[in-house]
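A structural walkthrough
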Amino acid sequence: MQAPAVSASSPLVTDTALAALGRVLPSGAIRTDADTREAHARDESEAAPILPDAVVRVGSTDELCRTMQVAHRHGVPVVARGAGTGRAGGAVPLRPGWVLAFDGWRDLEEIHVGDAVAVARPGLVLGELHRAVEAEGLFYPPDANSWASCTIGGNVATNAGGPRAFKYGVTGHYVLGLEVVTADGTRLNVGRRTKKGVTGYDLTSLLVGSEGTLALTTRVTLHLVPKPEAVRTMVVFLASEGAIADAVGVSLRERVVPRCVELLDAITLEVLREHRVIDVPTGARALLLVEIDGDEETVDRQLERLGSRWLESGALEVLVAKHGADRERLWNVRRQMSRLLRERAAHKLSEDVVVPRSRIGDLLARARVISERHRIRMPSYGHAGDGNLHVNFLWDDDEERARVGPAIDALLEAVVGMRGTLTGEHGLGALKRDHLPIEQAPALIELQRGLKAQLDPRGILNPDKVLPGRGHGAC
Ligand SMILES: Cc1cc2nc3c(=O)[nH]c(=O)nc-3n(C[C@H](O)[C@H](O)[C@H](O)COP(=O)(O)OP(=O)(O)OC[C@H]3O[C@@H](n4cnc5c(N)ncnc54)[C@H](O)[C@@H]3O)c2cc1C
């Protein structure tokens, strides 16, 4: 594991500001010991770790308001952190300053069954929310694969998606309102508690996905839906990657919207074959993991119809799981993927590009060309239904690393050329912010700089994230 860099902080500013903070927070809220700082230096990305000057544990909105008043007055950069599972370096403190740790603030304040609303504090773990609302017969669909540890605050900040996004959408579709604290320590309530409402500008949408650069989330009001009665899972083996978009099309023509359509490409399928995770039929070059939900009768009918249509249109094999253990076995195939790929190289970087669904075969073909041209291993898997592909870059040494950057540039150019977008769920964070000008015009980036300056005039909220550094072709 890479040792964290120590940021070049000004001891004078830091000490004065920390002393001021110590006067307004309860004892124990501020930690400056080496172990705590080390534990808050990195996330789950390839971003180089950097030690914060201090870690501040916030446990109430009032405490956070006081913290931000001090940070604003002294110009101290702050970085919010949930569970640190981010893939874009968003929670890595690039400048000297404080990490605000939200992970201990996990209250689920309310589940209102009649209104189908849940209210949570930002440190609530996604999996805990799932369990609690499902016990009430309700359902919170967004299901980032990191659900066992990622937090609702982090999910809102990254507008997290997950396998179920194909049918149900992403985090932002379920956020009705937010309580936030601004850069100068002002508490605001944006949005509402009702499903409908168009009062004022839609600031909730602006803040969702803003990666902690515009405000800090302290309370989230979420819309829930009824829990589906039944779920069925299928694995479909295809003879070519080009057949993926057609297979998704078959399902939509049958008027079935699966809740997930996950894909593994030919290379990842080969890894599964080698590790005997599942019997892969001869000639298979792509795998789709499909899940449908609804009432018992309907899902069984849909299952049969879809299975037959896929076989008629050339699928090599369709496996069906109706019950818990069988479903787990099929999902295990998908879950093992990231781990097995990680074992094959010293480093793995996962892009999460999106193209229109019909172009997913073209994207895989283009990734293959880029992989050969730059001599980098690039296995892909992801959310086929949404056109959201995790293209992975594997490398072992510096010589290979030097070729990864140009390969990523080529991939992102290709994606935008297909009318796609740079990131579907991980965000731009620190790692992808300088690529933003590939997709967005200078005027649009400048407009966003203006919004940032309005909300955070001293530039202390998660600086150097999302928007590109000056001199990157933006302005
Ligand atoms: C194994 C694995 C699987 C994953 N699968 C998915 C997936 O399926 N879909 C998906 O979308 N992502 C996935 N991710 C990425 C990651 O889990 C998500 O981005 C998640 O939303 C991050 O949550 P977190 O609590 O870990 O946030 P962190 O990593 O701590 O922070 C992420 C960003 O949110 C900001 N932030 C955190 N809390 C707050 C707050 N209270 N107020 C303001 N800003 C805040 C941070 O500053 C940072 O910019 C995966 C990651 C891993 C390791």
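Residues numbered from 1 in each chain as written. Predicted model: local features only at pLDDT ≥ 70, side-chain atom pairs only at ≥ 80, totals over all residues. Heavy atoms only, no water.

1. Notes on the pairing of strand 7 (residues 108-112)
Pairing of strand 7 with strand 8 (residues 117-120), which is carried by 4 bridges, proceeds in the antiparallel orientation. Bridge pairing in strand 8 links Ile 111 to Ala 118. The hairpin turn running from strand 7 into strand 8, its antiparallel successor, is 4 residues long, and Ala 116 in that turn takes a positive phi close to 55°. (Pairing = 2+ DSSP bridges. Helix = DSSP H or I, 4+ residues; strand = E, 2+ residues; numbered from the N terminus.)

2. Points about the sheet that holds strand 7
Read from one edge to the other, the open sheet built from 5 strands follows the order 7-8-12-10-11, with strand pairing classed as antiparallel. With one partner strand each, in any of the chains shown, strand 7 and strand 11 (187-191) form the two edges of the open sheet. For this sheet, the mean angle separating the axes of adjacent strands, direction not counted, is 10°. Sheet topology places strand 8 next to strand 12 (residues 216-223); 4 bridges connect them, and they run antiparallel. Each residue of the ladder has a partner; that of Ala 120, found in strand 12, is Val 220. Contacting strand 10 (175-181), strand 11 and strand 12, helix 3 (residues 61-74) runs over the sheet at an angle of about 50° to strand 10. Those strands touched by helix 4 (residues 126-134) are strand 7, strand 8 and strand 12, and its axis lies near 35° from that of strand 7. (Axes fitted to C-alpha atoms, helices over the stretch in contact; angles between N-to-C directions. Contact = heavy atoms within 4.5 Å.)

3. Notes on the sheet that holds strand 18 (residues 347-354)
Reading across from one edge, 17-14-16-15-19-20-18 is the order of the 7 strands in this open sheet, with antiparallel pairing throughout. Two strands lie at the open edges of the sheet, namely strand 17 (317-321) and strand 18, each paired on one side alone. Recorded for the sheet is a direction-independent mean angle of 15° between the axes of neighbouring strands. Direction of pairing for strand 18 relative to strand 20 (residues 388-395): antiparallel, over a ladder of 8 bridges. Looking at the pairing, Asp 352 lines up with His 390 of strand 20. Along the sheet, helix 8 (residues 244-253) makes contact with strand 14 (230-238), strand 15 (260-264) and strand 16 (286-294), crossing strand 16 at roughly 20°.

4. Some remarks on the nonpolar core
Here is a general trend for soluble globular proteins: nonpolar side chains tend to be buried in one another's company. In this structure, Ile 244, Leu 288, Trp 310 and Phe 393 are the most contacted members of the largest nonpolar core, which totals 51 residues. Ranked by residue count, the leading element in this core is helix 13 (residues 398-417), at 6 residues. When residues no more than four places from it in sequence are discounted, the contact partners of Leu 288 are Met 234, Val 235, Val 236, Leu 238, Ile 244, Ala 247, Val 261, Glu 262, Leu 263 and Ala 384. Judged by nonpolar contacts, the second largest core, of 29 residues, contains Ala 120, Leu 138, Leu 214 and Leu 222. (Core = buried A, V, L, I, M, F, W, Y, C linked by side-chain atoms within 4.5 Å. Buried < 20%, exposed > 50% of the residue type's maximum accessible area, 1.4 Å probe, protein only.)

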